[in-house]
Amino acid sequence: MNFSILGTGMYVPDNIVTNDDMSKIVDTSDEWIRQRVGVQRRHICTTETTVELGYQAALRALENSGTKPEELDLILAATVSGDNVSPSLSCMIQRKLGATCTAYDINAACSAFLYLLETAAGYFARGKVKKVLVVGAERLSKLVDWKDRGTCVIFADGAGAAVLGKGSGYLDSTFTTRGGDTVIKIPAYAGESPFSRLEPERPFIHMEGQETFKYAVNAICSDINKLLEQNGLTPDEIKYIVPHQANKRIIDLACIRLKMPISKFYVNIQEYGNTSSASIPIALDEINRKGLLKCGDLIILTAFGAGLSNAACLIRW
Ligand code: COA
């Protein structure tokens, strides 16, 4: 026994920041960002916290699935941009929802939503849970260097969530880690110990854009091929690929290499930018609410990010 997705939800801040708005902050242009990244606008927090974003997405997922907070047996959440180091995002969402179940966070940066699903699958397999809430929420606007045009135009804020229930929808998955901090890194607050001799690093997103790009394209292609092969499927049998929304050109290139039509890939980076762990559940919620999937359709979720880590899973809707 594993799980099926019972409902989804998402939430983004009201404040929309266009590429033209960005060009007033750093030396960039709407044309450059559209062409090189594919983002047209993003949602950036003004007063919202990461907990609030996650809570709102969770409420919508609960409503969409017809689940009450007291029915939840587990809450798993992911963020690299939490309001606090502790309590965790999941604990704060548990409290705001009025739920009483176990709650903890998993850190796997932009791949994290898939790690939440995999962890939940273990609980379902052991018959420990009937309903699980998974949430990815990010306020990356507090982690970007607003003077670095190479990163601040890409990352943004938002949250996505799903409620999982007993079922047989989670079919297969693959996870890869290539540990290291030379490609993408977000240093933590260095502290103020009078004894520390470590050089403090600025607690912003550091990213080698081109290295990340290459890693991402390879990861998407190898993970999708692996899942297709392991399950004896052809690309035609997959209704949608839901990729992490990091750069439209990454998705385009993966399409070409995989010889799959771009129409099979769900793309919404133009509206939200890169929201890390929230990116896949936001896309999933849009697909769900637009009614693009019917019962039995196969989808592949595919993600990559800091760690380095990449992951993909095959789901029957
Ligand atoms: N506006 C205008 N010019 C910009 C710019 C911006 N926002 N950001 C960078 N540039 C400039 C650079 O300074 C450089 O100028 P130069 O040639 O005068 O030195 C030029 O554009 C090319 O820079 P480069 O880094 O080679 O661009 P790129 O085509 O690789 O695009 C990224 C940069 C970051 C958009 C791209 O590498 C990328 O998306 N990488 C993957 C990132 C990713 O997936 N991150 C998430 C991981 S979860």
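Residues numbered from 1 in each chain as written. Predicted model: local features only at pLDDT ≥ 70, side-chain atom pairs only at ≥ 80, totals over all residues. Heavy atoms only, no water.

J.: How should I be thinking about the environment of Thr-18 in this particular structure?
T.: Structurally, Thr-18 can be placed in strand β2 (residues 16–18). Remark: the alpha-carbon pair of Thr-18 and Tyr-55, spanning 37 residues in sequence, is separated by 25 Å. What Thr-18 contacts, discounting residues up to four positions off in sequence, is Gln-40, Arg-41 and Arg-42. (Helix = DSSP H or I, 4+ residues; strand = E, 2+ residues; numbered from the N terminus. Contact = heavy atoms within 4.5 Å.)

J.: Looking at this model, I keep getting lost on the sheet that holds strand β13 (residues 309–316). Mind explaining?
T.: Neighbouring strands of a sheet are bound in pairs by backbone hydrogen bonds; such pairs are parallel or else antiparallel. Strand order across the open sheet formed by 4 strands is β8-β13-β12-β11, with mixed pairing between neighbours. Bordering the open sheet on either side are β8 (170–177) and β11 (240–243), each of which pairs with just one other strand. For this sheet, the mean angle separating the axes of adjacent strands, direction not counted, is 10°. In terms of strand pairing, strand β12 (residues 298–305) meets β13 through 8 bridges, oriented antiparallel. Its bridge partner lying in β13, Ile-300 is registered against Leu-314. Sheet contacts for helix α7 (residues 209–230): β8, β11, β12 and β13; angle to β12, the most-contacted strand, approximately 145°. Where helix α10 (residues 279–289) meets the sheet, it contacts β11 and β12, and its direction lies at approximately 145° from that of β11. (Pairing = 2+ DSSP bridges. Axes fitted to C-alpha atoms, helices over the stretch in contact; angles between N-to-C directions.)

J.: Would you take a moment to explain the side chain of Lys-264 for this structure?
T.: Mapped onto the secondary structure, Lys-264 falls in the loop between α8 (248–258) and α9 (269–272). The charged side chain of Lys-264 is buried without a salt bridge, its nearest counter-charge being Asp-236 at 5.2 Å. A polar contact is formed between the side chain of Lys-264 and the backbone oxygen of Pro-235, at a distance of 3.5 Å. Sequence-distant contacts of Lys-264, that is, excluding residues within four places in its chain, are made with Pro-235, Asp-236, Ile-238, Lys-239, Tyr-240 and Ile-241. (Buried < 20%, exposed > 50% of the residue type's maximum accessible area, 1.4 Å probe, protein only. Lys, Arg positive; Asp, Glu negative; His and termini not counted. Salt bridge = Lys/Arg side-chain N within 4 Å of Asp/Glu carboxyl O. Polar contact = N/O pair within 3.5 Å; in protein donor to acceptor, adjacent residues only side chain to side chain.)

J.: Looking at this model, I keep getting lost on the environment of Tyr-272. Mind explaining?
T.: Among the secondary structure elements, Tyr-272 is positioned in helix α9. Sequence spacing of Tyr-272 and Arg-41 is 231 residues, and the spatial spacing of their C-alpha atoms is 6.4 Å. Setting aside residues up to four positions removed in sequence, Tyr-272 forms contacts with Met-10, Val-12, Arg-41, Arg-42, His-43, Ala-156, Ile-282 and Glu-286. Within the structure, the side chain of Tyr-272 is placed 2.5 Å from the side chain of Glu-286, a separation counted as a polar contact.

J.: For this particular structure, what's the right way to read the site of the ligand?
T.: Surrounding the ligand, one finds 24 residues, the nearest of these being Thr-28, Arg-36, Arg-149, Gln-210 and Asn-247. In the model, an oxygen atom of the ligand is placed 2.6 Å from a nitrogen or oxygen of the Arg-36 side chain. Between an oxygen atom of the ligand and a side-chain N or O atom of Arg-249, the distance comes to 3.1 Å. Surface burial for the ligand is 72%, taken as the share of its 960 Å² of free accessible area covered by protein chains. Within the residue set of the shell around the ligand, elements represented by two or more residues are α2 (30–36), α6 (149–152), α7, α8 and β12. In terms of residue count, α7 provides more of the shell around the ligand than any other element does, 4 residues in total. Residues belonging to the shell around the ligand are distributed by class as follows: 11 nonpolar, 9 polar and 4 charged. (Near = heavy atom within 4 Å. Areas by Shrake-Rupley, 256 points an atom, 1.4 Å probe, with all protein chains shown as cover. Nonpolar A, V, L, I, M, F, W, Y, C, P; charged D, E, K, R; others polar.)

J.: For this particular structure, what's the right way to read the sheet that holds strand β6 (residues 131–139)?
T.: A sheet is described by the order of its strands in space; here 5 strands give the open sequence β1-β7-β6-β4-β5, paired in mixed fashion. Two strands bound the open sheet, and with one partner strand each, they are β1 (2–11) and β5 (102–105). Strand after strand, the sheet turns through a mean of 20° between neighbouring axes, direction not considered. Here β6 pairs with strand β7 (residues 157–167) via 9 bridges, running antiparallel.

J.: Is there a simple way to think about the domain arrangement of the chain in this case?
T.: Accessible area lost on assembly of the parts is the figure often given for the size of an interface. When cut into domains, the chain gives domain 1 (2–168) and domain 2 (172–316). Using only C-alpha atoms to locate each centre, domain 1 and domain 2 end up separated by 14 Å. Taken residue by residue, the interface counts 48 residues in domain 1 and 44 residues in domain 2. With both chains or domains summed, domain 1 and domain 2 bury close to 3700 Å², and 60% of this area falls on carbon and sulfur atoms. Interface area lost by domain 1 to domain 2 is led by Met-10, Cys-110 and Leu-114, which between them contribute 17%. (Domains from an automatic or database assignment. Buried area = accessible area lost by both parts, 1.4 Å probe.)

J.: Help me out: how do you make sense of the pattern of salt bridges in this one?
T.: Close approach of charged atoms lets side chains of opposite charge pair. In this structure the tally under the stated criterion is 15 salt bridges. Lys-96 is the partner of Glu-52 in a salt bridge, and the nearest nitrogen-oxygen pair spans 3.2 Å. Pair noted here: Glu-52 is in helix α3 (residues 50–65) and Lys-96 is in helix α4 (residues 89–97), with a separation of 44 residues, a long-range link. On the basis of relative accessibility, which here comes to 23%, the residue Glu-52 falls in the partly exposed class. For Glu-211, the salt bridge goes to Lys-214, with nearest N and O atoms at 3.3 Å. In this pair, Glu-211 and Lys-214 both sit in helix α7, 3 residues apart, roughly one turn of the helix. Of the residues examined, Glu-211 reaches a relative accessible area of 37% and is grouped as partly exposed.

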